[in-house]
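Spelled out from the first residue to the last, the chains are:
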Amino acid sequence: MESTLTTTPIVRHVAELRALTGKWHREGARIAVVPTMGALHEGHLTLVRAALARADRVIVTLFVNPKQFNSPEDLAAYPRTEEADAAKLAPLGADVLFAPGGDEMYPEGFATLVRVNGLDQGLCGAFRPGHFDGVATVVTKLLNQTSADLGFFGEKDFQQLAIITRLARDLDIPCEIVGVPTVREADGLALSSRNVRLAPEDRAAAPALAAALHAARDAIEAGGPVEGAIAEARAAILTAGYSGVEYLELRRADDLARMTEATAPARLLAAAWLGGVRLIDNVAVSPA
Ligand code: PAF
């Protein structure tokens, strides 16, 4: 049932958050966290609904993490819409919006970096040096700060999801990492905060990325050669008006190892540029 609350309480300090989560755990509640950088769209709200379905208490975090940006310009341009985000969350019934300031997350002298070796190589990692170290560092902190039993992340950022799943396992963080399927527009375009930056003609061309991935998946699952399916998908994306394909690869779903044949559950992942906007998407591929 959706809540009648008109605002979601905002917590800014870790000590206050820990007091709340300690009380909730003593009461026997299962706590979920949905980490975000704000600018919430339906994809984020789907994560919150998935969290509400499995937990008694849900914390949404909002922190624009400077450590995961590749340039100060990108960081400065990132939308900050806290009030609108809180208003979108209120009807859903999330218990708390944890929105710490920069000093709370990275106080003077902060010196630790979390790196998940291997999984951060290639795909987006090849084009965004240091990005996943920033993600892994902030997510490790958020999982610790919230003491969440469950953490919800979108499959849209599949490499990120794999990295977070591994860091929770490797660092013995007692939080189950839950991947939530990508939410798509009616025409197949994966929801992303970047979609609003597309000019109308580019928005019309944008679904070609998802369409090409789905067609390549069908061809591979039907037993066709992976290399041919990938070449056709690349060509279809460029023909639709994308200016470049950064990567389009088949990787094993669990450890992101490169695959030339779909012999195990896999993922076809791509990043491509359209009208100066970088879009990413991926689809699951079952063994042929
Ligand atoms: O996916 C995101 O929005 C961010 O990378 C995350 C997980 C909130 C960490 O800052």
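Remember, predicted model here, so these are calculated numbers, not experimental data.

A. Representation of the packing of aromatic side chains within the structure. The final tally for this structure, using the stated rule, is 4 aromatic pairs. Judged by centre distance (6.0 Å) and plane angle (55 degrees), the ring pair of phenylalanine 63 and tyrosine 106 falls under tilted. In this pair, phenylalanine 63 is assigned in the loop between strand S3 (57–62) and helix H3 (72–77) and tyrosine 106 in the loop between helix H5 (102–105) and helix H6 (124–127), connecting sequence segments 43 residues apart. The residues phenylalanine 63 and tyrosine 106 share a single accessibility class, namely buried. Both rings, one in phenylalanine 69 and one in tyrosine 78, keep their centres 5.5 Å apart while their planes meet at 80 degrees; by these two values the pair is edge-to-face. When the ring centre of tyrosine 106 is taken as origin, the NZ or CZ atom of lysine 67, which lies over that ring, is 4.5 Å away.

B. Region of the structure containing the sheet that holds S3. Strands sit in the order S1-S4-S3-S2-S5-S6 across an open sheet of 6 strands; the sheet is parallel. At either end of the open sheet lies a strand with only one pairing partner, and these are strand S1 (10–11) and strand S6 (176–180). Here strand S5 (residues 150–154) pairs with S6 via 5 bridges, running parallel. If you follow phenylalanine 152 over to S6, its bridge partner there is valine 178. Taken strand by strand, helix H4 (residues 82–89) contacts S1, S3 and strand S4 (96–98), and its axis lies near 160 degrees from that of S3. Packing of helix H7 (residues 131–146) onto the sheet brings it into contact with strand S2 (31–36), S3, S4, S5 and S6, and relative to S2 it is tilted by some 150 degrees.

C. Expanded view of the sheet that holds strand S9 (residues 277–285). Spatially, S7-S8-S9 is the arrangement adopted by the 3 strands of the open sheet, whose pairing is antiparallel. In this open sheet, the two strands that pair with only one neighbour each are strand S7 (244–252) and S9. When strand polarity is set aside, the average angle formed by the axes of neighbouring strands in this sheet is 10 degrees.

How each quantity is defined
- Residues numbered from 1 in each chain as written.
- Predicted model: local features only at pLDDT ≥ 70, side-chain atom pairs only at ≥ 80, totals over all residues.
- Heavy atoms only, no water.
- Phe/Tyr/Trp six-rings, centres within 6.5 Å; stacked < 30°, edge-to-face > 60°.
- Helix = DSSP H or I, 4+ residues; strand = E, 2+ residues; numbered from the N terminus.
- Buried < 20%, exposed > 50% of the residue type's maximum accessible area, 1.4 Å probe, protein only.
- Lys NZ or Arg CZ within 6 Å of the ring centre and 35° of its normal.
- Pairing = 2+ DSSP bridges.
- Contact = heavy atoms within 4.5 Å.
- Axes fitted to C-alpha atoms, helices over the stretch in contact; angles between N-to-C directions.

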